[in-house]
Amino acid sequence: MKKVVSTLVFLMAVNMLLMADTLPIKNWMVSNVMNLQNPAFKDIKNVENDSFSNTDLLKFDHHAIDEFSFDNSTDKNSIQWSGLTFSEGNVLLNRNHEMPNQFLYLTSFLVLDQWTQIKLKASSSQLFRVWINGEEVFKKTSIEKNIEKAGSQTKELKLERGTHQIVVKSMITENDSNTWNGRFEVISDNDSLSTILHFTTQPNRIKTIQDVLTGKSSSNVNLSYSGKYYTIAHKNVGNKGKTLSRWIEIRTTENNQIVYRLNSNEVSQLQWLPASDRISYLSKADNNNELIIMNLSDLTINKLFSETNNFSSYQWAPNETYVIYSMYEKSKFEYKTTRQVMGMADRIPGYKTRSFLYKYDIQMTLKTRITYGSLSTYLNDISSDSKTIAFSTSKNDYTERPFSKQNMYLMDMKTLAVDTLWTDKRFAVNVSFSPDNKTLLCQGGPSAFGKIGENIGKHKIANNYDQQLYLYTIINQKVEPISLTFNPSISSAFWPQNSESIFIYALDKDSRGIFKYDLSTKKYTKITNNELYISSLNINQLGTKIAFEGNKTNSFPRYYLSDAEGKNLTCIDSSEHVKYANVDFGTTQEWNYKTKKGTDIQGRVYLPLHFDENKKYPVIVYYYGGTSPVGRTFAGRYPFNLWAGHDFIVYVLQPSGTTGYGQEFSSAHVNNWGITVADEIIESTKAFLKAHPYANADRVGCAGASYGGFMTMYLTTRTNIFRTAISHAGISSISSYWGAGYWGYAYSSEATADRYPWNSKEIYVNQSPLFNADKVTTPLLLITGDSDTNVPPVESYQFYTALKILGKEVELVTVKDADHHIVGFEHRVAWHNTIMAWWDRYLKDLPDWWFDIYPKKNY
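The text that follows walks through the structure, step by step, so that each part is easy to find. Remember, predicted model here, so these are calculated numbers, not experimental data. (Residues numbered from 1 in each chain as written. Predicted model: local features only at pLDDT ≥ 70, side-chain atom pairs only at ≥ 80, totals over all residues. Heavy atoms only, no water.)

1. Considerations on the overall build of the protein chain
Regarding its fold elements, the protein chain presents 13 helices and 50 strands. The C-alpha radius of gyration of the protein chain comes to 31 Å, within 12% of the 29 Å expected for a compact globule of 859 residues. By its C-alpha atoms, the protein chain is 100 × 70 × 60 Å across when sized along the principal axes. The buried share of the protein chain, reckoned over its 859 residues, is 53%. Total accessible area on the protein chain is roughly 39,600 Å²; 49% of this is exposed by carbon and sulfur atoms. Here the protein chain holds 90 positive side-chain charges and 86 negative ones, and the gap between their average locations is 4 Å. (Helix = DSSP H or I, 4+ residues; strand = E, 2+ residues; numbered from the N terminus. Rg over C-alpha atoms; globule rule 2.2 N^0.38 Å. Buried < 20%, exposed > 50% of the residue type's maximum accessible area, 1.4 Å probe, protein only. Areas by Shrake-Rupley, 256 points an atom, 1.4 Å probe, with all protein chains shown as cover. Lys, Arg positive; Asp, Glu negative; His and termini not counted. Charge placed at Lys NZ, Arg CZ, Asp CG, Glu CD.)

2. Observations regarding the pairing of strand E48 (residues 724–728)
Among the 5 residues of E48, 5 are classified as buried, and the element is accordingly described as predominantly covered. Neither face of E48 is left uncovered, since the one carrying Thr724, Ile726 and His728 and the one carrying Ala725 and Ser727 both have all their residues buried. Once the chain exits strand E47 (residues 695–705) it traverses helix H7 (residues 707–716) before rejoining the sheet at E48, and the crossover so formed is right-handed. Across 4 bridges, the pairing between E48 and strand E49 (residues 780–785) is parallel. Paired with Ile726 across the bridge in E49 is Leu781. (Right-handed = clockwise from strand over helix to strand, strands pointing away. Pairing = 2+ DSSP bridges.)

3. Digging into the pairing of strand E6 (residues 102–112)
Among the 11 residues in E6, 11 count as buried, and that is most of the element. Residues Gln102, Leu104, Leu106, Ser108, Leu110 and Leu112 of E6 are buried on one face, and the alternating residues Phe103, Tyr105, Thr107, Phe109 and Val111, pointing to the opposite face, are buried as well. Looking at chain direction, strand E2 (residues 27–31) and E6 are connected through 2 bridges and run antiparallel. For Met29, the partnering residue across the bridge sits in E6 and is Thr107. As defined by bridge partners, strand E3 (residues 34–35) adjoins E6 across 2 bridges and the pair is classed as antiparallel.

4. Comments concerning the sheet that holds strand E30 (residues 429–433)
Overall, antiparallel pairing links the 4 strands, which are arranged E30-E31-E32-E33 in an open sheet. Because the sheet does not close on itself, it has two edges, and the strands there are E30 and strand E33 (478–481). Across the sheet, the axes of successive neighbouring strands diverge by a mean angle of 25 degrees, strand direction being ignored. Alignment of strand E31 (residues 439–444) against strand E32 (residues 468–473), held across 6 bridges, turns out to be antiparallel. Paired with Gln443 across the bridge in E32 is Leu469. (Axes fitted to C-alpha atoms, helices over the stretch in contact; angles between N-to-C directions.)

5. What about helix H11 (residues 794–805)?
In this model, H11 (12 residues) spans 16 Å end to end at C-alpha, consistent with the 16 Å of a helix rising 1.5 Å per residue. Three or more residues of H11 are buried, namely Glu795, Ser796, Phe799, Ala802 and Leu803. The arc that holds every buried residue of H11, seen down its axis, measures 130 degrees, which confines them to one face. On its buried side, H11 packs onto H7, helix H8 (734–740), E49 and strand E50 (810–815). (Expected span 1.5 Å × (residues − 1). Arc of directions from axis to C-beta. Contact = heavy atoms within 4.5 Å.)

6. Structural notes on the pattern of salt bridges
Tallied over the entire structure, the rule returns 43 salt bridges. Put simply, Glu135 and Lys240 hold a salt bridge, and the shortest N to O gap is 3.4 Å. Here Lys240 lies in the loop between strand E15 (229–237) and strand E16 (243–252) and Glu135 lies in strand E9 (residues 135–140), a separation of 105 residues in the sequence. Accessibility expressed as a relative area gives 59% for Lys240, which makes it exposed. Among the ionic pairs, Arg604 bridges to Asp510, the shortest N-O distance being 2.9 Å. Within this pair, whereas Arg604 is found in strand E44 (residues 600–606), its partner Asp510 is found in the loop between strand E35 (501–508) and strand E36 (511–518), the two being separated by 94 residues in sequence. Accessibility assignment for this pair places Arg604 and Asp510 in one class, buried. What emerges from the salt-bridge pattern is a single network uniting Asp61, Arg129, Glu136 and Lys139. (Salt bridge = Lys/Arg side-chain N within 4 Å of Asp/Glu carboxyl O.)

7. Describing the side chain of Thr724
With respect to the helices, strands and loops of the structure, Thr724 is situated in strand E48. Within the structure, the side chain of Thr724 is placed 3.0 Å from the backbone oxygen of Pro779, a separation counted as a polar contact. When near neighbours in sequence (up to four residues on either side) are disregarded, Thr724 contacts Val700, Gly701, Cys702, Thr778, Pro779, Trp838, Trp839, Tyr842 and Leu843. (Polar contact = N/O pair within 3.5 Å; in protein donor to acceptor, adjacent residues only side chain to side chain.)

8. Notes on the packing of helix H6 (residues 677–691) against H7
Their axes nearest at 10 Å, the elements H6 and H7 cross at an angle of 70 degrees. Between H6 and H7, the crossing angle belongs to the class labelled roughly perpendicular. Side by side, H6 and H7 meet where Val677, Ala678, Ile681 and Ile682 of the first sit next to Met711, Tyr714 and Leu715 of the second. Grouping the constituent residues of the contact of H6 with H7 by class yields 7 nonpolar, no polar and no charged. (Parallel < 35°, antiparallel > 145°, perpendicular 65-115°, else oblique. Nonpolar A, V, L, I, M, F, W, Y, C, P; charged D, E, K, R; others polar.)

Structural data, given as structure tokens:
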């Protein structure tokens, strides 16, 4: 019996060896041989009584390997590269006999078509270190005289689809008589490894989650008063998500030269002064905030005043004679055993904190408190002559939507006398002064001033998330809506000094652009390229220069300067070009559809890299379905261009109800909760699949987050066209979200305007996925942050409970300590991998990645 068992074990071992697949790495980029110099006093032991050794030379990082460019004309390390192929995979190179100690680099790129578990084996008689994607995986610190008896190292790796860089640093010492030698190979239990893996010397690759979360990036471009200077913030994040450095540069607009650098860890709230090219910022000192002014002409620094850490924000008077700043006051209440909840907003941390306004007079060096009371006061603007400020308060009113009322005031800055502009305004607005101080530019919803701002067609109630602009004449309180027929939704507006035009930053369908409103002709003109999605905007006080961030669906963000007409465009920063230099993307196409009811549904399609129309590709359908469009940005929490790089077609559509398409379109969101949106998504998806034969109609997934997560849940109760679905932070019961989410009742004041669980069961029950769970046939992944205060985790929990009881195919994944948005490097990577592994499992029949992350257990 023992003989039979041992024979069986032997045969199984042989069988496992036969099943294993081994691929030698034959293609390498090989660097020039470089001299290794020993440090002075190497023969003297250090304070730890250690001698300097060859291992110390090996482990020292002579170059930044993540900066290898493989272009001999531009490589900043001055390394010369040669592409070599070793037919049997055995690396053999002549040594340089003039160098006693020497080293070189070998680089190859491992390209995988799917998530795979492999072993990397490296053998050599010499010292070496090996990195994968910038992370060291092993090193060998022994030397063998006989090449045939070369030592080796092996590392098990789990790699996702894409291109993975292998870097070897090999070293020959004076005690090593051998030529350069080595053998590097990939081993897998997958006997068809060669069909999903190959090696290349080309660094081209697809976008990864590391690209999204790490590397160098820029933000916050702000122009000085004259437009002569600008500031730009930079950040560099390492491969593990740790911020390595943060700094702010002050540059000239004429030639982009750096004038000064500031450490972002030491300063905050940078502002250009409104009438001179000086800059101010907050600096921490002895647990206080100091307001500092820097004069760029001589780089002198002056401290204005200091305040406690309760200092929150500040704004300069246009004539630079004073500063208005805010201080917050925390409640003295301590929650020890019980507490009375003072209204729905009292559930939100910090609700009892109040904020008040203060004035600092520059000439008198005098601080004055200018507001007090039981309500926080918020500065809206300071008049151009610096004589008046506009400020507001807000109080809760739970008996009438949107459940708060706004008061707006003007204050004389000499006497502190207050005039009331309005009280108890239901739909709040932000205001700013016109250059002549006779008019207020107001931004708010269509209902901000009653029906005068509404243009909602057949709909009964406007969507007040669709922001509009109004001119409010102070002396006679006359209101003029100026965006009534302007379809883009206003994000912000700026009225420069002595200008007859207002600059507007607005959502324009699924994009965002910059417009000018001519006050004399009352016409809007778009001044930015339609292809660019404008992610940020800054205009100097004189209105002569514009700085903005622009990106495209498949093109990383860049910062630009232009004149006031959007002309003479100059790129001033493209920090992310380094990490995206070798990243390739598929194309993005427009695909719009008119439904049977005549609704125009805008859509765009991300095609895989190396797209072949003769192939069949799995499809991911993404939507929000709520009150804002899914923007055509390069990055975002759901990087569609990254998904497409994994060989998916991604179809993104904009159902009715979203802003950016005009008030009539956005008003469709009110009291809908999927009634028409679900039909639009289903009909558009079917039409898309029919129109594109390369889209595999049998392998279609759908996904959405927040309101989009609700739509995903709801769609699974309405159709079986999706093979699988992912809902992040979805709403399963509209009534529980309405009552339990921190902002549920507030959001519902628009989404279910004047409708409540007691008078609209057709919405709160019939449209809730939970009450239709028995209709679900689609495998569903529910993801939620376990600390989500916006859409509480219970929304996913209760839908999961219902589907499990019904015997449906469902998985629930929670993200530890995460709120509505998943932030933090480790959390983002784990969340992203969960989503991608799910798509692989259900849309490609590749479950290994999923079960590696979430192994099967017998609980």
